[in-house]
Amino acid sequence: MKRLVYLLTLTLTLVFACTPEKRVTTSDRAEWEAHLHLDSALEYIDHQRYEQAMIQLKTAEKFLPVMNNDSLGYRICLYIGWLNEQAGAHQLALDYEQMAKIYADATENQHYIVNSMIHQINTLNNMGRVDEGRQINEVAMNRFDSLELNQQSTLLCNQAYYYMLDDSLAKAERLAYHAAMIAEDSASMGNALTVLSRITLHRGDEEQAQILMSMIPQTENLTLRYNRLLTESDLEESRGDYKKALQTQKLLRQMSDSIAQQRAALDITRVQTQFDQQWHQRRSAERSFKLSLLIIFMLLFFGAIIYMYFRRQQVHHREFQERISEVRADMNRLLVMRSTRLEDLKMTLDSRMEEINMLKKKLTGAFADDQMYVQISELKQGIDALNAIFNKENISQYGRQEQQASLRALWLIAPQLASLIDNPDVPLTPKETFFCIMEHYDISDDQKIDLFCCTEQALRSTKSRLSKKMDLKQLHQ
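For clarity, every value in this text was computed on a predicted model and none was experimentally measured. (Residues numbered from 1 in each chain as written. Predicted model: local features only at pLDDT ≥ 70, side-chain atom pairs only at ≥ 80, totals over all residues. Heavy atoms only, no water.)

Visitor: Quick question: what am I supposed to make of the environment of Phe390 here?
Guide: Topologically, Phe390 is positioned in helix H16 (residues 371-390). For Phe390, a relative accessible area of 25% corresponds to the partly exposed category. C-alpha separation for the pair Phe390 and Tyr441, spaced 51 residues apart in sequence, amounts to 8.6 Å. Not counting residues within four places of it along the chain, the set of residues in contact with Phe390 comprises Leu342 and Tyr441. (Helix = DSSP H or I, 4+ residues; strand = E, 2+ residues; numbered from the N terminus. Buried < 20%, exposed > 50% of the residue type's maximum accessible area, 1.4 Å probe, protein only. Contact = heavy atoms within 4.5 Å.)

Visitor: Just to check I follow, could you spell out the nonpolar core for this structure?
Guide: Grouped burial of nonpolar side chains is what soluble globular proteins tend to show. Grouped together as the largest cluster of nonpolar side chains are 40 residues, with contacts concentrated most on Ile389, Ile395, Leu410, Ile421, Met438 and Phe452. No other element matches the 7 residues that H16 contributes to this core. Other than its neighbours up to four places away in sequence, Ile389 contacts Ile395, Phe434, Ile437, Met438, Ile443 and Leu451. Counting 39 residues, the second largest nonpolar core, distinct from the first, contains Met54, Tyr74, Tyr96 and Val114. (Core = buried A, V, L, I, M, F, W, Y, C linked by side-chain atoms within 4.5 Å.)

Visitor: Is there a simple way to explain a nonpolar patch on the surface in this structure?
Guide: Together, Leu291, Ile295 and Leu299 make up a nonpolar patch on the protein surface, roughly 300 Å² of accessible area in all. One can find Ile295 in helix H14 (residues 268-336). (Patch = residues over 30% accessible without salt bridge, like charges linked within 9 Å, V, L, I, M, F, W, Y side chains within 5 Å. Areas by Shrake-Rupley, 256 points an atom, 1.4 Å probe, with all protein chains shown as cover. Salt bridge = Lys/Arg side-chain N within 4 Å of Asp/Glu carboxyl O.)

Visitor: Hey, could you run me through unusual backbone geometry in this one?
Guide: The general pattern is negative phi for most residues beyond glycine and trans for most peptide bonds. Phi is positive for Asp167, close to 65°, though the residue is something other than glycine. Structurally, Asp167 is set in the loop between helix H8 (149-165) and helix H9 (169-182). With relative accessibility at 60%, the residue Asp167 sits in the exposed group. Backbone geometry places Lys392, a non-glycine residue, at a positive phi of 60°. Classification of Lys392 as partly exposed rests on a relative accessible area of 41%.

Visitor: Looking at this structure, I do not really get the environment of Leu149. What am I missing?
Guide: Relative to the helices and strands, Leu149 resides in helix H8. Leu149 sits in the partly exposed class, given a relative accessible area of 36%. Note: C-alpha distance between Leu149 and Ile182 (33 residues apart in sequence) is 6.0 Å. Setting aside residues no more than four positions away along its own chain, Leu149 makes contact with Ile182 and Glu184.

Visitor: Would you take a moment to explain helix H17 (residues 400-413) for this structure?
Guide: Counting along an α-helix, one turn takes 3.6 residues, and residues three or four places apart therefore face a common direction. Under the 1.5 Å per step criterion, the end-to-end length of H17 is 20 Å for 14 residues, consistent within 8% with the ideal 20 Å. Residues of H17 that are buried: Glu402, Gln403, Ala405, Ser406, Leu407, Ala409 and Leu410. If you follow the buried residues of H17, they end up packed against H16, helix H18 (415-421) and helix H19 (430-440). (Expected span 1.5 Å × (residues − 1).)

Visitor: When you look at the packing of aromatic side chains in this model, what are you seeing that I'm missing?
Guide: Given two aromatic rings, their pairing is described by the distance between the two centres and the angle made by the two planes. According to the stated counting rule, one finds 8 aromatic pairs in the structure shown. Centre to centre, the rings of Phe301 and Phe302 are 6.1 Å apart; their planes meet at 75°, and the pair counts as edge-to-face. Note on Phe301: relative accessible area 12%, which makes it buried. You can call Phe302 partly exposed: its relative accessible area is 37%. Ring pairing ties together the aromatic residues Phe297, Phe301 and Phe302, which thus form one cluster. Here the guanidinium or amino end of Lys431 rests over the ring plane of Phe452, the centre of that ring lying 5.3 Å away. (Phe/Tyr/Trp six-rings, centres within 6.5 Å; stacked < 30°, edge-to-face > 60°. Lys NZ or Arg CZ within 6 Å of the ring centre and 35° of its normal.)

These results come straight from atomic positions and should not be treated as a statement about function.
Structure, rendered in structure tokens:
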């Protein structure tokens, strides 16, 4: 049985060791496939096919748990966050940008770390959680000296924007000028000039704001164009040119509708949700399939164990019955031989029963309930009781069980005596039965008193009761 338990434990270990995903066998393989899907996503982004880009990014995302490339994990999460931000799913965007920050921290790359923080700041600002964005921006400013110029410009623009909201226009203007001076590309330059023009407009210098607005690069960046139109609207309204301000507001509304239509057309969140659902359904189906295989294997395994167990029990039971038959034949042979002494019979039966009991320990349940074994056990008990009488041992504790066992033995050893005292018409008590046996074998009254541990008067009472039931002289014939 211990071997079977060991085999079961080993089998379970092997089965569970094989349960992880088979498709992704190594970290290198996972990274290679993730890179492949990320490159495809970037190609789709360049062609503004954002749904296909999201599918590729989500496919790459599933390799993150088995990859050791933190830089690749950062890029995958950041682009997924960016697509969600473009679709207006700000909370999803923020979740992925926070994941990107975790991967960036693991790389210890300052550019990655600050870039993920900048994306978080923009998302928080769009969500109206300006105070949280300000806190992250202040943390990022602690790394200012080690950053690229465009990152420095973006952080300064953010800081200027927060100062503007606090009406600290002098500080805001100084920071916005600095951001414009160090900007290296048109997008960073445009953002800095837009913030600077809004600050100047808040200060009341409309002419300077107009000059700054004219310097904003004319690009296809929707956000930059929207901010420029918003600043123009504020400027025209401050001049009192409400007609022109209204026209600009119409352009802003059209642009907002265009952005909203574009976001609706992208439907990134729907794609992402469907992809996640399909992925989880597939994983669930794979786990269910593996679990089904494991259950089937375990049923077969336990079925084999049960079959082997019962086969072994049958072998033991057959051996057990054969041995009992041999013992019974030996006992019959010895009982037929009148010269066999009771002591020898007891010794022989004790040795045989010890061997049979060892075999019986290997059997359980129905196999252990053998009628022949019960008969031999009762015969042994009767011979033990008779031997105790002949050896002058104390039998005061013997009761009906020993009486019945002794009578069964007597039917084999001394059938004539058994027919006299085992008469259903004249039932005897256990003490009366043992008295008859002692009387038959000429055991004296003094010895009977010792065997029964009783008084002489009690022995005479027993003998008197027996005399009324039967003729005691027949016991000596």
